Amino acid sequence: MTGLPRNDILTGDALQHLRTLPDASIDSVVTSPPYFRLRDYAHADQLGLEAHVDSWVGDLRTILAECARVLVPTGTVWLNLGDTYSTHPREGASRKSLLLGPERLALLLLEDGWTIRNKIVWAKTNTVPSSVRDRLTATHEVIYLLSRSPRYYFDLDEIRQPHLSRPPKHSRSTLARPERAGRGPNTHSDRGLASMRASGRVGHPLGKNPGDVWSLSVSRFRSAHIATYPEALARRMILAGCPRLRCSICRLPWTRRLIRSGQKARRAPPRPTCRCDARAEPGLVLDPFIGSGTTAIEAARTGRDWLGIELNPDYVDLARRRIDIALGRVATDNTTRKEVT
């Protein structure tokens, strides 16, 4: 491949296409690969129908190694995974047991040099009722936030949520309070919280950290593709993990400075973090299992560029049509699209 494609879907095997992409070219990978033995995507080479869960883990591990290569040094991977119940011991656990596929993969990713910054719980608010009678209904999936470097692009301000608590009464006595006893060596101090409350603030002026449990509904999009994650989920990952702009030469992200004024604050426009004196270009989101196109839609809506890979040509056509509709375009056929005038 001579150049880096943008705003397009590459049809074919994810690993093969990843190997054609340039090193250090992608700002963030946002993806939900096929889960182990839960879906049949009607293709002989699909991921997810391996005989043993460790084979599924191994295939994903190889793909993520290529994702590591194509990520910029400040890049992140947002990996949405669901678990599976075994139907036979040959799948990797006794019948009816959770296979712990996501956990098996996570442990191997640590060995491969990945840093796991978060295990986010996507708590589904509108799951389909289950007929199972001897266990609790599974109503969540996980999202691993992965990085290759201790310092990476992460814009918390883009995804802050409104505060629910009221500002505390002004009190200086909390500043003099000693640290709580019994803290372990990895426990953070609470002095910053005490200082904030003493100043009469409820928290950050732009809102609170949303935490690692995200209560979001499942996708309402219905099509031939039977496993679509919600647009709100993709949007949150893209806003936090992919810069709106980056340097077109060194690919360092442009960032936004926080301007405080008393108890209020606003964000300055994006500005470069390098000395290249080069033009800016949109940040680039990659989804190597783009399916019905959700990642592409939310990347475009938030001003980022995107690149998708999809094995099934029918899903490629479906995704392109869906993207056209979502972005206000009209598809003239499966290959030619034009802007609505």
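For the structure itself, look to the data block above.
All values derive from a computational prediction rather than experimental measurement. (Residues numbered from 1 in each chain as written. Predicted model: local features only at pLDDT ≥ 70, side-chain atom pairs only at ≥ 80, totals over all residues. Heavy atoms only, no water.)

## A look at the layout of surface pockets
Thought 1: There is about 300 Å³ of room inside the second largest pocket.
Thought 2: Lining the second largest pocket we find 16 residues, and of these Tyr152, Tyr153, Phe154, Trp254 and Thr255 sit closest to its centre.
Thought 3: Residues belonging to the lining of the second largest pocket are distributed by class as follows: 7 nonpolar, 2 polar and 7 charged. (1 Å grid on protein atoms, 1.4 Å probe; cavity = no way out; pocket = protein on both sides within 12 Å on 5 of 7 lines; lining within 4 Å. Points joined across faces, edges and corners; volume = space filled by probe spheres on them. Nonpolar A, V, L, I, M, F, W, Y, C, P; charged D, E, K, R; others polar.)

## A few points about the pattern of salt bridges
Thought 1: Counting across every chain of the model gives 21 salt bridges.
Thought 2: Between Arg61 and Asp112 there is a salt bridge, with the nearest N and O atoms lying 2.7 Å from each other. In this pair, Arg61 is assigned in helix H2 (residues 53-70) and Asp112 in the loop between helix H3 (101-111) and strand S4 (115-124), connecting sequence segments 51 residues apart.
Thought 3: Classification of Asp112 as partly exposed rests on a relative accessible area of 29%.
Thought 4: Here Asp157 ties to Arg160 by a salt bridge, and the two come within 2.7 Å at their closest N and O atoms.
Thought 5: What you see here is one network of salt bridges that share partners, running through Arg6, Asp27, Arg246, Glu281 and Asp305. (Salt bridge = Lys/Arg side-chain N within 4 Å of Asp/Glu carboxyl O. Helix = DSSP H or I, 4+ residues; strand = E, 2+ residues; numbered from the N terminus. Buried < 20%, exposed > 50% of the residue type's maximum accessible area, 1.4 Å probe, protein only.)

## Thoughts on H2
Thought 1: Compared with an ideal rise of 1.5 Å per residue, which puts 18 residues at 26 Å, H2 spans 26 Å between its outermost C-alpha atoms and is within 8% of the ideal.
Thought 2: Those residues of H2 not exposed but buried are Val53, Trp56, Val57, Leu60, Ile63, Leu64, Glu66, Cys67, Ala68 and Val70. (Expected span 1.5 Å × (residues − 1).)

## Comments concerning unusual backbone geometry
Thought 1: Phi at Lys96 takes a positive value of approximately 80°, unusual for a residue other than glycine.
Thought 2: With respect to the helices and strands, the residue Lys96 is situated in the loop between strand S3 (71-81) and H3.
Thought 3: Of the residues examined, Lys96 reaches a relative accessible area of 47% and is grouped as partly exposed.
Thought 4: The phi torsion at Arg251 lies on the positive side, around 70°, for a residue other than glycine.

## Some details on the packing of aromatic side chains
Thought 1: Under the defined criterion, the tally for this structure stands at 2 aromatic pairs.
Thought 2: Ring geometry for Phe36 versus Trp56: centroids 6.4 Å apart, planes at 50°, classification tilted. Here Phe36 is found in the loop between strand S2 (26-31) and H2, whereas its partner Trp56 is found in helix H2, with 20 residues between them in sequence. As far as the burial class goes, Phe36 and Trp56 line up, both buried.
Thought 3: Geometry around Tyr85 places Arg135 over its ring, the cationic atom sitting 3.9 Å from the centre. (Phe/Tyr/Trp six-rings, centres within 6.5 Å; stacked < 30°, edge-to-face > 60°. Lys NZ or Arg CZ within 6 Å of the ring centre and 35° of its normal.)

## Brief notes about the pairing of S4
Thought 1: Pairing of S4 with strand S5 (residues 140-147), which is carried by 8 bridges, proceeds in the antiparallel orientation. Residue pairing for S5: Ile116 is matched across the bridge by Leu146.
Thought 2: Relative to strand S6 (residues 213-216), S4 runs parallel, the two sharing 4 bridges. Residue pairing for S6: Val121 is matched across the bridge by Val213. (Pairing = 2+ DSSP bridges.)

## Overview of the packing of helix H5 (residues 231-241) against helix H6 (residues 294-301)
Thought 1: Running from amino to carboxyl end, H5 crosses H6 at an angle of 55°, the nearest separation of the two axes being 9 Å. Between H5 and H6, the interaxial angle falls into the category oblique. Read as a crossing pair, H5 and H6 show a hand that is right-handed. Every residue of H6 that contacts H5 at Glu231, Ala234, Arg235 and Ile238 is listed here: Thr294, Thr295, Ile297, Glu298, Ala299 and Arg301.
Thought 2: Counted by class, the contact of H5 with H6 contains 4 nonpolar, 2 polar and 4 charged residues. (Axes fitted to C-alpha atoms, helices over the stretch in contact; angles between N-to-C directions. Parallel < 35°, antiparallel > 145°, perpendicular 65-115°, else oblique. Left-handed = near helix turned anticlockwise from the far one by under 90°. Contact = heavy atoms within 4.5 Å.)

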